[in-house]
Structures are given as C-alpha cells and as structure tokens.
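Structural overview for review
Chain by chain, the residues:
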Amino acid sequence: MYDCIIVGMGPAGMSAGIYAKRSGLKTLILEKKAPGGLINITNLVDNYLGYDNITGPELAMKMYEHVKNNEVEYKIEEVTKIKKEGETFKIETNKNNYESLTVILAGGRQPRKLELEDKLKDLKISRCAICDAPLYKEKEVLVIGAGNSAFEEGIYLSEFANKLTILARSEVKADEEMVQDAKNRKNIEIIEGEEVKSITKEDEKYIVETENQTIKVDGIFSYIGYTPMTEYLSNLNILESTGYIEAKETETEVSGLYACGDIIKKELYQIITATSEGAIAATKAKKYLTEKEK
C-alpha cells in the first residue's frame, strides 16, 4: 500500500514526486514512456526560471536527476485503469496492480493528429524537430501550425533545411518576438489562413494542396495543438467535454484524487505552472492524509 501514487513523470509528476517523498509519504511514480514528457521533444526552453535557455531533453534530465537524488520510487508502466473502493485507490497497469491512499494525475497530453493522417498510410508526420531535423538537412520542409510550438520548432528546423514553410490554418498566434525571428530568416516563409486539403506523395516528395496553392516538400512537421491523455479515467466522472480534468487548485471531485500539469483544464500551459501544480497537489495529498489520521 502506497500513501501516494503519481501517474505521469513529466515536470508536474516529478515535482509532485519530490514534494510527496520529502513530506514523508510512501510514494510511487508510474510513467509509460520516459521521464520528461513533452519537453523531451522540445528543442529550446527559454522561459523557465533559472535558465536563459536550455534544451528540453537537458531540462528533463536535470529534473529526472533531482527525482533520483531524492530516491523517489518510479516504474515504467502504463496505467490502464483507476478506481476507488472505499478509501483506497486501485491502480491497474499493463504489468501490475497497486493500491494507494491518494493519487495524483499528471499524465499530460499528446500532440493532436491531422485529420488526414489516419487516411494516408504512407504519410509520415513528425512532431519532434530535435529528433528529426538532421534528416532534412538542405531539404524543403513544411511546418503546420500557428502557435508557439510551430514557430519554435520551425526556427530550429530552419537551421537544417534549405527552405521551410510555416502554414497556419488561421491567423498566427505565436508570440510576436518569435514571429519576428522567423520573418527575419531568409529561408522561412509564413503562410496564414490556409488549410491543408490533401497530401499526396510523388517521387519521395510530399505534395500538399491548400485552397490556393500547391506546396512540394521533403518532410512535414505538425504542431496543431494537443489532446489530454485521459481515456482511462472516464469511469471517474472528472472529465469535462474536451477530455481535460476539471480541478480546483489541483483537487478533483473525488476525495484523495488530485490532478496537475497539462492534463487539467486551465489558461496557461507552461513548464513552470506544471511544476507549481505538482507541488500543490503533493502538499494537498499530505494534508488530506494527515487530517484522516486525526
């Protein structure tokens, strides 16, 4: 029996793990892939307090080392179901079953797919510039998206590609400083208000058709938003219409169940807010258990 099981080992989950362990709780973090979450596929982080700039994988590793230094137990297992029986949570994974008095949900979210992806089997869309940029050295690349992620990753990709096109389905939503940086680069073209209608492949080139033009490229990267990873939580009745968790200061409607990071419905999705919420969730879990003992 654990005092606190944390689902997810991104910034929110690792922060929660450290705070829970240091408060004396028997703590376990469960993560289905690798520590760090989405920051593992982020090229540059330049707005996290204490770092002028650092790569996403470097920041993830520093957080992971912090978790290890605090001897927080963790396992690489995918959580498939959570239910509450009396005062105990039952957590099922693809490998084991666990019990805990509290649970903190910090599973984050995943990149949203283009509608065309499920229709075209040969279509290879990348969502990790830091992983795949070297494959497109001196080639032509298309980035689909209008927000900060599209521009951040597009700017990084432009260091490798001969030509890079950023295609925004609506108006550009990225920070002005980032947009200006992209505009100042000779090999970046920005197209606004154009939606992809079809993608075909011919002689190793992707042919992308929009309403008004045809774009031929060697590779396509997509940054069109995210969907929360909450499918396994539908039985708990804590999700709002788009799949995010409704939480008030990390508390859900289920006593002893907390949520933090990108998995919750909120206004600002940033690393610094995720780590803050992780700390708050762990502190609330400790308080909840302390009050139950009285």
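Refer to the structure presented above.
Residues numbered from 1 in each chain as written. Predicted model: local features only at pLDDT ≥ 70, side-chain atom pairs only at ≥ 80, totals over all residues. Heavy atoms only, no water.

With that out of the way, let us pick up the sheet that holds strand β14 (residues 214–217). What the three strands build is an open sheet, ordered β12-β13-β14; its pairing is antiparallel. Strands at the two margins of the open sheet, each flanked by one partner only, are β12 (198–202) and β14. On average, each strand axis in the sheet is inclined to that of its neighbour by 20°, with strand direction left out of account. (Pairing = 2+ DSSP bridges. Helix = DSSP H or I, 4+ residues; strand = E, 2+ residues; numbered from the N terminus. Axes fitted to C-alpha atoms, helices over the stretch in contact; angles between N-to-C directions.)

The next subject is the pattern of salt bridges. For the coordinates displayed, the defined rule picks out 12 salt bridges. Note that Asp218 is salt-bridged to Lys205, the shortest N-O span being 3.4 Å. Of the two residues, Asp218 sits in the loop between β14 and β15 (219–222) while Lys205 sits in strand β13 (residues 205–209), which places them 13 residues apart along the sequence. Exposure remark for Lys205: the relative accessible area of 27% places this residue in the partly exposed category. Connected through salt bridges with shared partners, the residues Lys83, Glu85, Lys90 and Glu99 form a single ionic network. (Salt bridge = Lys/Arg side-chain N within 4 Å of Asp/Glu carboxyl O. Buried < 20%, exposed > 50% of the residue type's maximum accessible area, 1.4 Å probe, protein only.)

Considering all chains together, one arrives at six aromatic pairs under this definition. Consider the rings of Tyr2 and Tyr98, whose centres lie 6.4 Å apart with planes at 65°: the pair is edge-to-face. Here the residue Tyr2 occupies a position in strand β1 (residues 2–7), and Tyr98 occupies one in strand β6 (residues 97–105), the gap between them amounting to 96 residues. Each of the two residues, Tyr2 as well as Tyr98, counts as buried. Here Tyr136 and Phe221 contribute two aromatic rings whose centre-to-centre distance is 5.6 Å and whose plane-to-plane angle is 75°, an arrangement assigned as edge-to-face. Here Tyr136, found in the loop between α3 (129–132) and β9 (140–144), pairs with Phe221, found in strand β15; they are 85 residues apart in sequence, far enough to count as distant. Phe221 carries the same exposure label as Tyr136, and that label is buried. Positioned above the aromatic ring of Tyr2, the side-chain terminus of Lys26 is 4.9 Å from the ring centre. (Phe/Tyr/Trp six-rings, centres within 6.5 Å; stacked < 30°, edge-to-face > 60°. Lys NZ or Arg CZ within 6 Å of the ring centre and 35° of its normal.)

A few words now on the state of the cysteines. Under the counting rule described, the total for this entry stands at one disulfide. The disulfide partner of Cys128 is Cys131, and the gap between their sulfur atoms is 1.9 Å. Because the torsion about its S-S bond is 70°, the bridge between Cys128 and Cys131 counts as right-handed. Considering cysteine sulfurs only, Cys260 is the nearest to Cys4, which forms no disulfide, with 9.3 Å between them. Residue Cys4 is classed as buried on the basis of its relative accessible area of 0%. (Disulfide = S-S within 2.5 Å.)

Orientation of helix α1 (residues 11–22) relative to helix α2 (residues 56–69), taken along the N-to-C sense of each, is 20°, at an axis distance of 9 Å. In terms of their interaxial angle, α1 and α2 are classed as roughly parallel. Crossing geometry of α1 relative to α2 is assigned as left-handed. Residue-level inspection shows Pro11, Met14 and Ile18 of α1 in contact with α2, the latter providing Ala60, Met63, Tyr64, His66 and Val67. (Parallel < 35°, antiparallel > 145°, perpendicular 65-115°, else oblique. Left-handed = near helix turned anticlockwise from the far one by under 90°. Contact = heavy atoms within 4.5 Å.)

The next thing to look at is the side chain of Thr275. Following the sequence through the fold, Thr275 ends up in helix α6 (residues 271–293). Residue classification places Thr275 among the buried residues on the basis of a relative accessible area of 13%. The residues touching Thr275, leaving out its near neighbours within four places in the chain, are Pro11, Ala12, Ser15, Tyr48 and Met63.

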